[in-house]
Amino acid sequence: CPCARGLATPAAIMAGTGVAAQHGILIKDAQALELAHRVDTVAFDKTGTLTLGRPQLKALVPAPGQDEAAPLSAAASLQSGSEHPLAHAVLAAARERALSWPAPGEVRAVPGRGFEGEVPLSGHPAALRLGSLRWMDELGVALGPLAAQAQALQSEGATVSVLARRDGAGLTALALLAFADTPKPGAREA
């Protein structure tokens, strides 16, 4: 009977989405529920969903001839006014190492990419960029000897950023910064 079906289907959908919501599963609409039986792959946005959402600086790899202190101090300077979780990780790492950082000049956030600005480096103002490997690739930054390490860090699951300086020849990579986040206790079950 069409009437019974017209009442039963919406009632079943409401009951099903209600039970799912109690278990933390939100269903967009009836069509999503209808297609769910064909799902064979699920992708998660891990930050804050599967992880605690508090990344930490796990590795700092300076370019040959650099020590760790100068690039970390420069990165902290560049990100000192940011609320981004990776910026917090850089500042925390600089504080743990008892580093100070100079005040930056003309810092600009580049959405989805990173930061750019002027930071005193070795007593001289330097135009720096700090951001994703993708952005550095777009800017034409050659990682040189850091390329293999960047790939190794990524294969370990780290989020890798590059600190680069603009000079007469373009942009030169100064260091790699690798970030990782701690999984939530229930991540495997999720």
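Residues numbered from 1 in each chain as written. Predicted model: local features only at pLDDT ≥ 70, side-chain atom pairs only at ≥ 80, totals over all residues. Heavy atoms only, no water.

Let us look at the overall build of the protein. In terms of regular secondary structure, the protein is built from 6 helices and 6 strands. Along the protein, helices (α) and strands (β) appear in the sequence α-α-β-α-α-β-β-β-α-α-β-β when read from the amino end. On C-alpha atoms alone, the protein measures out to a radius of gyration of 23 Å, which is more than a quarter above the 16 Å that the 2.2 N^0.38 rule sets for 190 residues. When its C-alpha atoms are laid out on the principal axes, the protein stretches across 85 × 35 × 30 Å. By residue count, 33% of the 190 residues in the protein fall in the buried class. Considering only intrachain contacts with a sequence separation of at least 6, the fraction spanning at least 24 residues in the protein is 55%. Entry remark: accessible area of the protein is about 11,700 Å², with carbon and sulfur atoms responsible for 56%. (Helix = DSSP H or I, 4+ residues; strand = E, 2+ residues; numbered from the N terminus. Rg over C-alpha atoms; globule rule 2.2 N^0.38 Å. Buried < 20%, exposed > 50% of the residue type's maximum accessible area, 1.4 Å probe, protein only. Contact = heavy atoms within 4.5 Å. Areas by Shrake-Rupley, 256 points an atom, 1.4 Å probe, with all protein chains shown as cover.)

On the surface, a nonpolar cluster with roughly 290 Å² of combined accessible area is contributed by Val-39, Val-42 and Phe-44. Tracing the backbone through its elements, the reader meets Phe-44 in the loop between α2 (30–35) and β1 (56–62). For Phe-44, a relative accessible area of 43% translates into the label partly exposed. (Patch = residues over 30% accessible without salt bridge, like charges linked within 9 Å, V, L, I, M, F, W, Y side chains within 5 Å. Salt bridge = Lys/Arg side-chain N within 4 Å of Asp/Glu carboxyl O.)

Right, let's talk about the nonpolar core for a bit. General note: in soluble globular proteins, nonpolar side chains tend to be found buried as a group. By size, the foremost hydrophobic cluster in this structure holds 24 residues, and its most contacted members are Leu-72, Val-90, Leu-128, Leu-163, Leu-177 and Phe-179. The set of elements that each furnish at least two residues to this core consists of β1, α3 (69–79), α4 (85–96), β3 (114–121), β4 (124–132) and β6 (170–180). For this core, the element with the highest residue contribution is α4, accounting for 6 residues. Among residues more than four places away in sequence, those in contact with Leu-72 are Leu-57, Leu-60, Val-90, Ala-93, Ala-94, Arg-97 and Leu-99. (Core = buried A, V, L, I, M, F, W, Y, C linked by side-chain atoms within 4.5 Å.)

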